[in-house]
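# Working through the structure, step by step
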Amino acid sequence: MSAQRETTNIILDSKENIAAALSVYKCIDDVKRHLLQEFKNRLSESLKANGFGLVWDDGLSSGWQAYVGFGVAFENEEEQDLYLRFEFDGASLQRFFWEIRRKSETAMFDKSTWDAIHGVMDKQFSTGKSSDWWPWYSEIPDHEFSSDFKNWNAEETPWLSMTSNDSSKSLERKICDLSLRVRNALHDANMLDRLFSYSGAS
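Keep in mind the model is a prediction, meaning the values are calculated, not measured.

The next subject is the overall build of the protein. Within the protein, the regular secondary structure consists of five helices and five strands. Along its sequence from the N terminus, the protein presents helices and strands in the succession α-α-β-β-β-β-α-β-α-α. Its C-alpha atoms give the protein principal-axis dimensions of about 65 × 30 × 30 Å. Residues classed as buried in the protein amount to 40% of the 202 residues present. Element-wise, carbon and sulfur atoms account for 47% of the exposed surface of the protein, whose accessible area totals about 11100 Å². A gap of 2 Å separates the mean positions of the 23 positive and 33 negative side-chain charges of the protein.

See the structure below:
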C-alpha cells in the first residue's frame, strides 16, 4: 500500500480525522508562505556571505502565478543584464526549472553571448535549451535537481529541504553551492563580464 493510500485510509477512519485533515488543508498555504519567507531570509544571508545578492519576486509571497521565482546577482544587480534564476513555469509553484535569464525586455540580447553562455553551461552542468529570454535553461529532473523538486505544490521534498539542518539536503546550501559553481564556470571561461550591461554587448 502506498503512503498516500495509507494516509487517506487513516483520514477516512473517523469524523475527527477528517475534520483534522480539512483544518490542516485550510492552513497549508500559510505554512508554505511561512517556509518560503524563512527560506528567503536564510538564503539572502548565505548568498551575501559569498558576495552575491538575492533577487526575489514579490509573487513568491502571494498568488504564485506562473513565471514567479528568484534569482542570484553575482555583482551589481542594477548593471547585471543576465543572471542565474530559479523559476516556476506553471502556476501554484509547478514545473520548477533553473536558467540563465534576461533581467527584462530592455536587457541586452546578443546571439554570440547567448551561444557562448549556452556552451559553457552545457559543458559544466547539463544539456539545456535556449530562447530569446534564456541563453540556457534546464528542466527538472536534471543532474542538479531530482524529479521531487519539479512540482512544489504537491511534493514534500522542497519544503522539507528548506528546514533541513543537514547541509547535503538543505535547499539553501544547494542554491548557494550551485550559484558559486555557475559563477566560477562563467568566470573560468572568461564569460562573467558578458552578463553585465557595461560589457559592450547590445
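That shown, we press on.
Turning to unusual backbone geometry, a few remarks are in order. Geometrically, the link from Ile140 to Pro141 is a cis peptide bond, its omega value of 5 degrees lying close to zero. Looking at the secondary structure, you find Pro141 in the loop between β5 (136-139) and α4 (157-163). Of note in this structure, Leu93 is not a glycine but carries a positive phi near 60 degrees. Topologically, Leu93 is positioned in the loop between β3 (82-90) and β4 (94-102). Overall, the relative accessible area of 1% leaves Leu93 in the buried class. Even without being glycine, Arg95 reaches a positive phi, approximately 60 degrees.

Next up on the list: the packing of helix α3 (residues 111-124) against helix α5 (residues 171-188). Across the interface, α3 lies against α5 with an axial gap of 10 Å and an inter-helix angle of 125 degrees. Between α3 and α5, the angle is such that the two are oblique. When the axes of α3 and α5 are compared, the crossing they make is right-handed. Together, Ile117, Val120, Met121 and Gln124 of α3 and Val182, Ala185 and Leu186 of α5 make up the contact between the two elements. Residues of the contact of α3 with α5, tallied by class, amount to six nonpolar, one polar and no charged.

Time to look at the environment of Met162. The residue Met162 is located in helix α4 in this model. Among the residues examined, Met162 registers a relative accessible area of 3% and is labelled buried. Expressed as a C-alpha distance, the spacing of Met162 and Glu75, which sit 87 residues apart in the sequence, is 25 Å. Discounting residues that sit within four places of it in the chain, Met162 has contacts with Leu35, Leu36, Phe39, Arg42, Trp152 and Leu171.

Tracing the sequence through the fold places Glu139 in strand β5. We classify Glu139 as partly exposed; its relative accessible area is 44%. Residues Glu139 and Ser126, spaced 13 residues apart in sequence, show a C-alpha to C-alpha distance of 9.9 Å. Leave out the neighbours within four places in its chain, and Glu139 touches Phe97 and Lys129. There is a polar contact of 3.3 Å between the side chain of Glu139 and the side chain of Lys129.

Cut-offs and rules
- Residues numbered from 1 in each chain as written.
- Predicted model: local features only at pLDDT ≥ 70, side-chain atom pairs only at ≥ 80, totals over all residues.
- Heavy atoms only, no water.
- Helix = DSSP H or I, 4+ residues; strand = E, 2+ residues; numbered from the N terminus.
- Buried < 20%, exposed > 50% of the residue type's maximum accessible area, 1.4 Å probe, protein only.
- Areas by Shrake-Rupley, 256 points an atom, 1.4 Å probe, with all protein chains shown as cover.
- Lys, Arg positive; Asp, Glu negative; His and termini not counted.
- Charge placed at Lys NZ, Arg CZ, Asp CG, Glu CD.
- Axes fitted to C-alpha atoms, helices over the stretch in contact; angles between N-to-C directions.
- Parallel < 35°, antiparallel > 145°, perpendicular 65-115°, else oblique.
- Left-handed = near helix turned anticlockwise from the far one by under 90°.
- Contact = heavy atoms within 4.5 Å.
- Nonpolar A, V, L, I, M, F, W, Y, C, P; charged D, E, K, R; others polar.
- Polar contact = N/O pair within 3.5 Å; in protein donor to acceptor, adjacent residues only side chain to side chain.

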